[in-house]
2 protein chains.
Amino acid sequence: MRPRNTTDGIPEASIARLPVYLRALQSLADQGVTTVSSHQLAIAAGVNPAKLRKDLSHLGSYGTRGVGYEVDYLIYQISRELGLTQDWAVAIVGVGNLGRALANYGGFASRGFQIACLFDADPRQIGTRVGHHVVHDIADLERIVVEKRVAIGVIATPAAAAQQVCDRLVAAGIRSILNFAPTVLSVPPTVEVRKVDLSTELQILAFHAQRRALSELEALDVIDYPDIERLDPRAVSRADEPPDRPRRVAGVSR
Amino acid sequence: MRPRNTTDGIPEASIARLPVYLRALQSLADQGVTTVSSHQLAIAAGVNPAKLRKDLSHLGSYGTRGVGYEVDYLIYQISRELGLTQDWAVAIVGVGNLGRALANYGGFASRGFQIACLFDADPRQIGTRVGHHVVHDIADLERIVVEKRVAIGVIATPAAAAQQVCDRLVAAGIRSILNFAPTVLSVPPTVEVRKVDLSTELQILAFHAQRRALSELEALDVIDYPDIERLDPRAVSRADEPPDRPRRVAGVSR
DNA sequence: CCGATTTTGTGCACGCATTCACAAAGTCGT
DNA sequence: ACGACTTTGTGAATGCGTGCACAAAATCGG
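Definitions and cut-offs
- Residues numbered from 1 in each chain as written.
- Chains lettered and ligands numbered in written order.
- Predicted model: local features only at pLDDT ≥ 70, side-chain atom pairs only at ≥ 80, totals over all residues.
- Heavy atoms only, no water.
- Helix = DSSP H or I, 4+ residues; strand = E, 2+ residues; numbered from the N terminus.
- Contact = heavy atoms within 4.5 Å.
- Areas by Shrake-Rupley, 256 points an atom, 1.4 Å probe, with all protein chains shown as cover.
- Near = heavy atom within 4 Å.
- Polar contact = N/O pair within 3.5 Å; in protein donor to acceptor, adjacent residues only side chain to side chain.
- Nonpolar A, V, L, I, M, F, W, Y, C, P; charged D, E, K, R; others polar.
- Axes fitted to C-alpha atoms, helices over the stretch in contact; angles between N-to-C directions.
- Parallel < 35°, antiparallel > 145°, perpendicular 65-115°, else oblique.
- Pairing = 2+ DSSP bridges.
- Salt bridge = Lys/Arg side-chain N within 4 Å of Asp/Glu carboxyl O.
- Buried < 20%, exposed > 50% of the residue type's maximum accessible area, 1.4 Å probe, protein only.
- Lys, Arg positive; Asp, Glu negative; His and termini not counted.

**Q** For the overall build of chain A, give the residues involved together with the corresponding values.
**A** Within chain A one finds nine helices and ten strands. At a minimum sequence separation of 6, the contacts of chain A that also span at least 24 residues come to 54%. Of the accessible surface of chain A, which amounts to about 13000 Å², a share of 54% is contributed by carbon and sulfur atoms.

Take a look at the structure:
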C-alpha cells in the first residue's frame with residue numbers, strides 16, 4: 001500500500017533551487033527547446049546534474065530515460081509545486097527608493113505574484129502614485145490587507161520601523177514575509193520570514209576579497225607571516241575602531 | 001609548535017552569519033551596552049547560543065568565561081575578519097529603479113563600502129546625476145574601474161545584459177560580483193558571484209504558503225486526499241500552462 | 001584564599017546535503 | 001525484433017553543519 005508519489009517532505013535545499021531551474025527552463029522554452037537532459041539543464045542552472053535529478057525526483061518521476069525532460073511539462077510541474085499556478089497578492093510596505101524599485105519591477109518578478117497595495121507612514125507619500133498604485137496610509141494596513149486578501153508582505157522600510165511593521169502584518173494575518181530591512185525580525189513560529197540583505201552580501205564578498213588579497217600577498221613575500229601580524233590589529237589601513245583590548249594578559253590560549 | 005590562532009578555514013556558514021552578529025553588536029553598542037553574553041547576543045541575532053559561540057571561536061578566543069564578550073572589541077574583531085577595516089570601492093552597473101535605489105541607499109550598507117562609480121548603457125542616462133555621482137557610459141567601464149580601483153561590482157541591469165556586463169567586469173579585474181539580475185552568471189573559478197534574487201525568495205515563500213494552505217484544508221476536510229488530486233494538474237485555479245503531458249501511459253512508478 | 005557561580009570553548013553525535021556510480025528503463029537504428 | 005546507446009532515478013558513501021552537554025576558566029563574595 002501507499003503509492004505516495006509526491007506526498008510530502010521536499011528538502012529545503014531542493015526547494016530553494018527549484019526557482020532557478022524554473023527560470024532556466026523558461027529561458028530554454030523561449031528559445032524553442034522542447035526537451036532537455038539533466039546535464040544540459042544542470043549547466044544552465046549552474047548545478048551538478050546528479051543534484052538536479054535528485055531535486056526533480058522529489059516532485060515525481062517526470063523525466064524519460066534515454067531522452068530527458070520535456071521542457072513545458074517540467075515547467076508546469078515545478079510551477080505547481082511552488083504554488084505558482086495561483087496568484088499571490090503582495091503588499092509592499094515602505095515606498096522609499098527600494099520600495100519604489102520593487103513596485104516598478106516589471107511584471108513583479110515572474111508570473112504568479114501581483115502587487116495588491118503599497119503602504120507608507122510618511123504623510124507626504126500617502127496618496128501619491130507609484131506605478132499604477134496609490135500609496136496607502138499605513139494606519140489602514142490591517143483593513144486593506146484583509147480586503148485585498150494579501151498573502152505576502154514585503155518590508156522595505158528603514159530598520160527602525162521594520163519590527164513594528166512586521167507585527168502589524170502578522171496581526172493582519174500574513175504569514176509570509178520578505179524583509180529587506182537590515183534587522184532580525186521576531187515572529188511567531190507560524191510565520192515565515194525570508195530576508196534579503198545587501199549589506200550582508202557585500203560583507204561576505206569583502207571577506208573573500210580580503211582573503212584573496214592576503215594570500216596573494218603571502219605568495220609574493222617569501223616570508224610566511226607569523227601570527228604577530230594577525231594579533232596586532234593596528235597593522236591595517238583604516239583604524240575604524242581602536243581595539244581597546246579587554247583585560248587579558250598573556251593568554252596564548254592553549 | 002604552531003599556535004595557529006585564526007590562521008585559516010572559517011566555515012562558509014559561519015562567515016555568512018558574521019554580518020548578522022556585527023549588526024546586533026552595533027545595535028547593542030548604540031544602546032550603551034559594553035558587555036554581552038553569548039546567550040543575549042544569540043537572541044539578538046536570532047540564532048542558537050552554541051552556534052554563535054562556535055562561530056566566534058573560529059576567529060579566536062575573544063570572550064571571557066564567566067563574563068561574556070566585550071562589545072566594542074568583538075565588533076572590531078569581526079570587522080577585521082570580514083575585511084571591513086579597509087574601504088572597498090564598489091561599482092554599480094545599471095541605474096534603473098534598482099540601481100538608483102542602491103546608489104541612494106544611505107551610507108551604502110554599513111561602513112566599509114563606498115560607491116566609486118555608476119554605469120549605464122542607455123544614452124539618456126549617461127551624464128545624469130544619481131545621488132552625487134555622474135552616470136558613466138558603460139563603454140568606459142574597464143578604464144574607470146581600473147582608475148578607481150574598484151574591487152566589487154554590482155550588476156543591476158536587465159537579465160539580458162547581465163552576462164555581458166559580468167564578462168566586462170571580470171575583464172577589468174574585478175573578482176567579487178553581486179548580481180541582482182535574475183540569471184545564472186558564468187565566471188572563471190577565481191571570481192566570486194553572489195546573487196540577490198527577489199523572485200526566488202518570493203517563490204520559496206509561495207511554496208510554504210501553499211503548503212500551509214493545503215494542510216489547513218486537509219485538516220478541515222476529514223477526507224485524506226488520495227494521489228489522484230495531485231496527478232491531475234487541471235484541478236488548480238489558474239491553468240497557466242496546459243500540461244500537455246508527455247507520452248507515458250500507466251507508469252505508477254514504484 | 002577558597003568555593004559557588006557564571007559563561008565560554010569544544011568534543012561528540014546526529015542529521016541533512018552533496019556527489020558518485022550504477023542498474024533500470026527507455027529510444028533509435030538496422 | 002533486437003542490441004547498442006542514452007539518460008534517468010536512486011542506493012550508498014562522504015562531508016558539512018547543528019546543537020547538546022560538559023569541562024575549563026574566569027569572576028565575585030565572604
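**Q** Describe the protein's contact with DNA strand D, listing the residues and the values that go with them.
**A** For DNA strand D, the set of nearby residues contains 26 residues, the closest of which are A:S38, A:R53, A:Y69, B:K54 and B:R65. Protein-adjacent atoms of DNA strand D, using a 4 Å cutoff, are sugar or phosphate at a proportion of 65%. Within the contact set of DNA strand D, a base nitrogen lies 2.7 Å away from a side-chain nitrogen or oxygen of A:R53. A distance of 2.6 Å separates a phosphate oxygen of DNA strand D from a polar side-chain atom of A:Y69. Counting residues per element, the surface near DNA strand D draws most heavily on helix α3 (residues 49–57) of chain B, which supplies four residues. Residues that form the surface near DNA strand D fall into these classes: seven nonpolar, ten polar and nine charged.

**Q** Before we move on, could you go through the packing of helix α1 (residues 12–30) of chain A against helix α3 (residues 49–57) of chain A and cite the residues and values that matter?
**A** All names here are of chain A. Between α1 and α3, the shortest axis-to-axis distance is 10 Å and the interhelical angle comes to 105°. Judged on the interaxial angle alone, α3 and α1 are roughly perpendicular. Contacts between α1 and α3 involve S14, R17 and Y21 from the first element and K51, L52, D55 and L56 from the second. Among the residues making up the contact of α1 with α3, the classes are represented as three nonpolar, one polar and three charged.

**Q** Tell me what's going on with the pairing of strand β7 (residues 133–137) of chain A, and back it up with residues and numbers.
**A** Residue and element names in this part refer to chain A. Of the pairings in the sheet, the one linking strand β5 (residues 113–120) to β7 comprises three bridges and is parallel in character. Looking across to β7, one finds that D120 is bridged to D137. Relative to β7, strand β6 (residues 129–130) runs antiparallel, the two sharing two bridges. What sits directly across from V130, in β7, is H133. Where β6 folds back on β7, the antiparallel hairpin that results is connected by two residues, among which G131 adopts a positive phi of roughly 60°.

**Q** Tell me about the pattern of salt bridges, and please be specific about residues and values.
**A** Side-chain pairs of opposite charge can arise whenever the charged atoms involved come near each other. The final tally for this structure, using the stated rule, is 16 salt bridges over all chains. Here A:R175 makes a salt bridge to B:E216, at a shortest N to O gap of 3.0 Å. One end of the pair, A:R175, is in the loop between α7 (159–171) and β9 (176–179); the other, B:E216, is in helix α8 (residues 198–220), on a second chain. On the basis of relative accessibility, which here comes to 30%, the residue A:R175 falls in the partly exposed class. A relative accessible area of 36% places B:E216 in the partly exposed class. The shortest N-O distance in the salt bridge between B:R124 and B:D122 comes to 3.1 Å. Of the residues examined, B:R124 reaches a relative accessible area of 70% and is grouped as exposed. A network of salt bridges, in which partner residues are shared, links A:D140, A:R143 and A:E147.

**Q** Give me the side chain of B:E192: which residues, what numbers.
**A** Relative to the helices and strands, B:E192 resides in strand β10 (residues 192–195). Look at B:E192: it is buried, it has no salt bridge, and the nearest opposite charge is A:R212 at 4.3 Å.

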